[in-house]
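Now for the letters of each chain:
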Amino acid sequence: MTTHYRAVVIGAGQAGLAASHELLTRGLRPWHDFVVLDANDAPGGAWRHRWDSLTLGKAHGIASLPGLPFGKADETVPASVVVADYYGDYERKFGLPVVRPAPVTRVTSPDGPRRGPLRVEYEHEGARVLTTDVLLNATGT
Ligand SMILES: Cc1cc2nc3c(=O)[nH]c(=O)nc-3n(C[C@H](O)[C@H](O)[C@H](O)COP(=O)(O)OP(=O)(O)OC[C@H]3O[C@@H](n4cnc5c(N)ncnc54)[C@H](O)[C@@H]3O)c2cc1C
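Because the structure is a prediction, the values reported are computed rather than measured. (Residues numbered from 1 in each chain as written. Predicted model: local features only at pLDDT ≥ 70, side-chain atom pairs only at ≥ 80, totals over all residues. Heavy atoms only, no water.)

Caption draft 1: Layout of the overall build of the chain. Within the chain, the secondary structure is distributed over 2 helices and 6 strands. What you see in the chain, going N to C, is helices and strands ordered as β-α-β-α-β-β-β-β. The globule rule puts the C-alpha radius of gyration for 141 residues at 14 Å, and the 16 Å found for the chain is close to it. Projected onto its principal axes, the C-alpha positions of the chain cover 50 × 30 × 25 Å. (Helix = DSSP H or I, 4+ residues; strand = E, 2+ residues; numbered from the N terminus. Rg over C-alpha atoms; globule rule 2.2 N^0.38 Å.)

Have a look at this one:
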């Protein structure tokens, strides 16, 4: 049987995490009503792929996600580590239902445009399929 959700978020970068927080505030229950599918192996979105010499503090900074202030970054630690740690803390604090690695390979609308649930195909320990009423595309660049 295909699992059905009220909402699915694709991507767990800052956009996907902020969108997930909004789903929580609207009363959607993690794992029951929505999940987040992220292609990365671990938290951080695009930030975890930045090079080691890029740090936060001089030219670079990030905005706080809703509900957890970022605070002051350690300028001696690569941004790829600092931001990934912050996003990981965020996922844990709010119990966000992130599945990874889970690259989405295809989204279709079997009942026609704007009709019925969307069908989402993804990889996670093999090929999988779920359906959802709402899809939030937060795949970044
Ligand atoms: C060199 C550089 C420096 C930057 N410096 C700053 C800065 O100082 N401050 C700032 O605010 N911004 C900065 N940015 C921009 C910032 O990195 C982006 O705005 C931010 O990462 C966008 O967040 P996002 O959540 O939209 O996407 P991303 O961070 O790209 O996250 C998208 C997520 O979706 C996942 N994904 C993608 N495709 C799929 C798929 N098919 N299935 C499942 N998951 C998928 C990815 O694995 C990723 O985890 C910088 C960018 C660059 C390149």
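Let us keep going from here.
Caption draft 2: Quick look at the site of the ligand. Of all residues adjacent to the ligand, which total 24 residues, the nearest are Ala15, Asp38, Arg50, Gly61 and Val104. Val104 places a main-chain nitrogen or oxygen 2.8 Å from a nitrogen atom of the ligand. Protein contacts shield 69% of the accessible area of the ligand, which totals 990 Å² for the unbound molecule. (Near = heavy atom within 4 Å. Polar contact = N/O pair within 3.5 Å; in protein donor to acceptor, adjacent residues only side chain to side chain. Areas by Shrake-Rupley, 256 points an atom, 1.4 Å probe, with all protein chains shown as cover.)

Caption draft 3: Local environment of the packing of aromatic side chains. Summed over the entire model, instances satisfying the criterion amount to 3 aromatic pairs. Taking 4.9 Å as the distance between ring centres and 70° as the angle between the ring planes, the aromatic pair formed by Phe70 and Tyr86 counts as edge-to-face. Of this pair, Phe70 sits in the loop between β2 (34-37) and α2 (79-93) while Tyr86 sits in helix α2; the two residues are 16 residues apart in sequence, bridging distant segments of the chain. Residue Phe70 shares its accessibility class with Tyr86, and that shared class is buried. Ring pairing ties together the aromatic residues Phe70, Tyr86 and Tyr87, which thus form one cluster. The aromatic ring of Trp47 is capped on one face by Arg50, whose charged end is 5.3 Å from the ring centroid. (Phe/Tyr/Trp six-rings, centres within 6.5 Å; stacked < 30°, edge-to-face > 60°. Buried < 20%, exposed > 50% of the residue type's maximum accessible area, 1.4 Å probe, protein only. Lys NZ or Arg CZ within 6 Å of the ring centre and 35° of its normal.)

Caption draft 4: Examining the pairing of β2 more closely. Neither face of β2 is left uncovered, since the one carrying Phe34 and Val36 and the one carrying Val35 and Leu37 both have all their residues buried. Alignment of strand β1 (residues 3-10) against β2, held across 4 bridges, turns out to be parallel. Paired with Val9 across the two strands is Val36, which belongs to β2. Handedness of the crossover joining β1 and β2 through helix α1 (residues 14-25) is recorded here as right-handed. Pairing between β2 and strand β3 (residues 98-99): 2 bridges, direction parallel. Looking across to β3, one finds that Val36 is bridged to Val98. (Pairing = 2+ DSSP bridges. Right-handed = clockwise from strand over helix to strand, strands pointing away.)

Caption draft 5: Representation of the pattern of salt bridges within the structure. Going through the model one piece at a time under the given rule, you end up with 9 salt bridges. Here Asp38 and Arg100 are joined by a salt bridge, their closest N and O atoms 3.2 Å apart. Of this pair, Asp38 sits in the loop between β2 and α2 while Arg100 sits in the loop between β3 and β4 (104-108), and the two are 62 residues apart along the sequence. Residue classification places Asp38 among the buried positions, given a relative accessible area of 6%. According to the relative accessible area criterion, Arg100 is buried, its value standing at 17%. Among the salt bridges present, the one from Asp89 reaches Arg92, with a minimum N-O distance of 2.8 Å. One end of the pair, Asp89, and the other, Arg92, are both in helix α2, 3 residues apart, so they sit about a helical turn from each other. (Salt bridge = Lys/Arg side-chain N within 4 Å of Asp/Glu carboxyl O.)

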